[in-house]
Amino acid sequence: MKQVIFACAGGMSTSLLVNKIRKEALERSLDFDFIAISEQLLYQHLNSDSDNIVAVLLGPQMRFALDESKKQTEKFGIPIDIIDPVAYGTMNASKVLDQILQMIKA
Amino acid sequence: MSRVNEVIDKLGKFANKFNSLRYIMAIKAAFITLMPVIIVGAFAVLMSNIVFDRQNGLAYFDCLSFLAILKPIASNLNYATLNFLTIGAVFLIAIELGRINGNKTLFPGLLAIICFISVQPTFTEVVVEGQKFQVTNVLARQFTDTKSLFLGMFIAIISVEIYSKLLKVDKLRVKMPDSVPSNVSASFSALIPAILTTSLVAAFGFVFYKLTGMFLYDAIYKVVQQPLESVMQSLPGLLLLMFVAQIFWVIGIHGNQMIKPIREPLLLGAIMVNMSDFEQGIEPTNIITMPFWDVYMSIGGSGCTFGLLIAIFIAIKRKEMREIAKLSLGPGIFNINEPVIFGLPIMLNPILAIPFIITPLVTGTIGYIATSIGFAGKAVVMVPWTTPPIISAYLSTAGSLGAVVTQLFCILIAILIYLPFLKIAAKRSKLQS
């Protein structure tokens, strides 16, 4: 299944969002696997499963890691972006899902 | 306002640069992997004292006294985790750094352990009836536990850096004829760099000892680790570190990630020392430890936002703020507060930034005073940062009710500090809408 990776410091706060996004995706009948991980493990996920990963999103508090993470995702041609801070804080799953669909299209 | 934006921009750029430093990345990643080791050690300490101990544990009761026989199991686990932390750290830092340098094998980890052991003395001196004896073929405890942590970090980094550089030198490759399978020739290509790296590090350790009469361990411990430890064991040092973390959170950057490379070795080291002391029945010395940070200065997440949530429920009627507070309560109990920081928001909010920065400094001071006068017990068990308040204070101090009371008092203080600022913020958002 196509995977969307969410990464933050420990994969804790993004997992909150992931639960909501799963529901939202189900309602829109979108077929994605949403995975919350620690940013440190991004490298491993990319190397073991790059064929299935369609997008990587970083929590806004991890935006300092964007440059380093981008170097890795670019190798596989996977789009990466920061989750909109307000959507993240309010756990607005619909807005974040729109953001993901935009990324995949582009 | 543009001045402020400039500062924010500069801090953001600094965060970027700092976290792209290879050594910082390697050390941070290594400590994340080490965490379960420390938790296993903590579990062993708890079991040893709460279950197997004849004086304080379940084994106190006659019908359960057989449990005391099992105490060595916990002690062995404790020894295997706490007293060997640096070996794990050296291995992991080296693997992470090797990976960042483009070496995907696990070999840099082994290489670094060899280099690390090669500069440590493998004998120890004991005094028996006034006579000094040298015991050979032993590695004393301080050479593998947290006392060697900084030496270990240095050696891991230096050895992998030398090795990575040498690997790139074409002349050092052992050339094989084409008829030799590629995997076989690959196994030789690392040979000369590995021999050179280990010899260089071992030789440096030897020369250093011959010239100064000190082992590298003594030098690094006295010149680097001990001074850093004493800064971190002082209240101003701790508050400064917290202040830096909070400033980064205010601009929406994960503050703990910024200070981790300094905080983790020192505060984790401090709790490990306390755990070892507690296990052996010695009075622990360190007031400031990793659990201290979580129990008194990060209740409900950075900025002690547990107090903020309660303050909103008590006194704020503004619907958006209550919504965010409701959403944040569940994760907040487990000290996760990103919804508060980005949703309320605290990020780039000059009004709420003030209590967000001040509160942990005040509660940290309260915790420090309460612990140093002996009202609250010192932390003697490592608990994960996601442990809910009250439970975290109780477990980390192995059941000090004074610590629980102090933590509750800190929550109360947090509520009182946040309240007036929340009222202003609510009024402002009402005016804006």
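Positions within a chain are numbered from 1, following the residues in the order the chain's sequence is written. The lettering of chains begins at A and the numbering of ligands begins at 1, in the order of writing. Only residues with pLDDT of 70 or above have their local features reported here, since the model is predicted, and side-chain atom pairs are shown and tallied only from 80 upward, although totals for entire chains, interfaces and linings are computed over all residues.

Stated precisely, the cut-off is as follows: UniProt positions are given in the numbering used here, feature names are shortened, and annotations may be inferred rather than shown by experiment.
An unreviewed UniProt entry annotates chain B as Permease IIC component originating from Gilliamella apicola. Under Subcellular location (unreviewed entry), UniProt gives the following word-for-word description of chain B: "Cell membrane".

An unreviewed UniProt entry annotates chain A as PTS sugar transporter subunit IIB of Gilliamella apicola.

**Observations regarding unusual backbone geometry**
Filter applied, for reference: A run of H or I in DSSP becomes a helix once it reaches four residues, and a run of E becomes a strand once it reaches two; helices and strands are each numbered from the N terminus. Three exposure classes are used, all based on how many other C-beta atoms lie within 10 Å of a residue's own C-beta (placed from the backbone): buried at 20 or more, exposed at 12 or fewer, and partly exposed between those limits.
Note that the residue after L344(B), namely P345(B), is joined by a cis bond; omega there is -15 degrees. Mapped onto the elements of the fold, P345(B) is located in the loop between α15 (338-343) and α16 (350-372). In the Ramachandran plot, M91(A) falls in the positive-phi region, its phi being about 55 degrees despite a non-glycine side chain. Look at M91(A) and you get buried, because 22 C-beta atoms sit within 10 Å. In the Ramachandran plot, N335(B) falls in the positive-phi region, its phi being about 65 degrees despite a non-glycine side chain. Classification of N335(B) as buried rests on a count of 23 C-beta atoms within 10 Å.

**Quick look at the UniProt feature "domain: PTS EIIB type-3" (unreviewed entry) in chain A**
Within this numbering scheme, the UniProt entry marks residues 1-106 of chain A as carrying the feature "domain: PTS EIIB type-3" (unreviewed entry). The straight-line gap between the two end C-alpha atoms of residues 1-106 of chain A is 20 Å; of that span, 49% is helix and 20% is strand.

**Considerations on the UniProt feature "domain: PTS EIIC type-3" (unreviewed entry) in chain B**
In this numbering, the UniProt entry assigns the feature "domain: PTS EIIC type-3" (unreviewed entry) to residues 7-421 of chain B. In residues 7-421 of chain B, the share of helix is 68% and the share of strand is 3%. The end C-alpha atoms are 23 Å apart.

**Considerations on the interface of chain A and chain B**
Formally: The contact criterion used here is simple: two residues whose C-beta atoms, placed from the backbone, lie within 7 Å are in contact. Any residue outside Ala, Val, Leu, Ile, Met, Phe, Trp, Tyr, Cys, Pro, Asp, Glu, Lys and Arg is labelled polar, Gly included; the first ten of those are nonpolar and the last four are charged.
With 21 residues of chain A at the contact, the number on the chain B side is 21 residues. Only α1 (13-27), α3 (66-76) and α4 (85-89) of chain A provide two or more residues apiece to the side of chain A that touches chain B. With 4 residues, α4(A) is the single largest residue contributor to the side of chain A that touches chain B. Per-class residue counts for the side of chain A that touches chain B are 11 nonpolar, 7 polar and 3 charged.

**A word on the pairing of strand β1 (residues 123-128) of chain B**
Residue and element names in this part refer to chain B. For clarity, the threshold we go by: DSSP bridges decide pairing: two strands pair if at least two such bridges lie between them.
β1 sits mainly on the outside: 0 of its 6 residues count as buried. By the bridge criterion, 6 bridges tie β1 to strand β2 (residues 131-136) in an arrangement that is antiparallel. Residue pairing across strands places T124 opposite V135, the latter belonging to β2. Where β1 folds back onto β2 in an antiparallel hairpin, the turn is made up of 2 residues, including E129, whose phi is positive at roughly 50 degrees.

**Describing the nonpolar core**
All names here are of chain B. Keep this limit in mind: Think of a nonpolar core as buried Ala, Val, Leu, Ile, Met, Phe, Trp, Tyr and Cys residues chained together by C-beta atoms that fall within 7 Å. The split of the chain into domains comes from an automatic or database domain assignment.
Among the nonpolar cores identified, the biggest contains 143 residues, and V90, I93, A94, A112, M275 and V381 are the most heavily contacted of them. The biggest single contributor to this core is helix α2 (residues 22-50), with 12 residues. When residues of this core are assigned to domains, at least three fall in each of domain 1 (83-230) and domain 2 (233-432). Setting aside chain neighbours within four positions, we find A94 in contact with P108, G109, L111, A112, A156, S159 and V160.

**Points about the packing of helix α13 (residues 305-315) of chain B against helix α18 (residues 401-432) of chain B**
Residue and element names in this part refer to chain B. Here is the rule we go by: Here an angle of 0 to 180 degrees is reported between the N-to-C directions of two axes, which are lines fitted to C-alpha atoms, with helices fitted over the stretch in contact. For classification purposes, angles smaller than 35 degrees are called roughly parallel, those larger than 145 roughly antiparallel, those between 65 and 115 roughly perpendicular, and all remaining angles oblique. In this scheme the crossing of two helices becomes right-handed for a clockwise turn of the near helix relative to the far one and left-handed for an anticlockwise turn of less than a right angle.
At a closest axis distance of 8 Å, the pairing of α13 and α18 adopts a crossing angle of 60 degrees. Taken together, α13 and α18 sit at an angle that is classed as oblique. The hand of the α13/α18 crossing is right-handed. On α18, the residues that touch F306, G307, L308, I310, A311, I312 and A315 of α13 are I411, A414, I415, Y418, L419, L422 and K423. Classifying every residue of the contact of α13 with α18 gives 12 nonpolar, 1 polar and 1 charged.

**Looking at the sheet that holds strand β2 (residues 33-38) of chain A**
Residues and elements named next belong to chain A. Taken together, the 4 strands give an open sheet; going across it, the order is β2-β1-β3-β4, and neighbouring strands pair in parallel fashion. Looking at which strands have only one partner, the edges of the open sheet turn out to be β2 and β4 (80-82). Averaged over all pairs of adjacent strands, the angle between strand axes in this sheet comes to 25 degrees, irrespective of strand direction. Across 5 bridges, the pairing between strand β1 (residues 3-8) and strand β3 (residues 53-58) is parallel. Across the sheet, the residue bridging to F6 is L57, located in β3.

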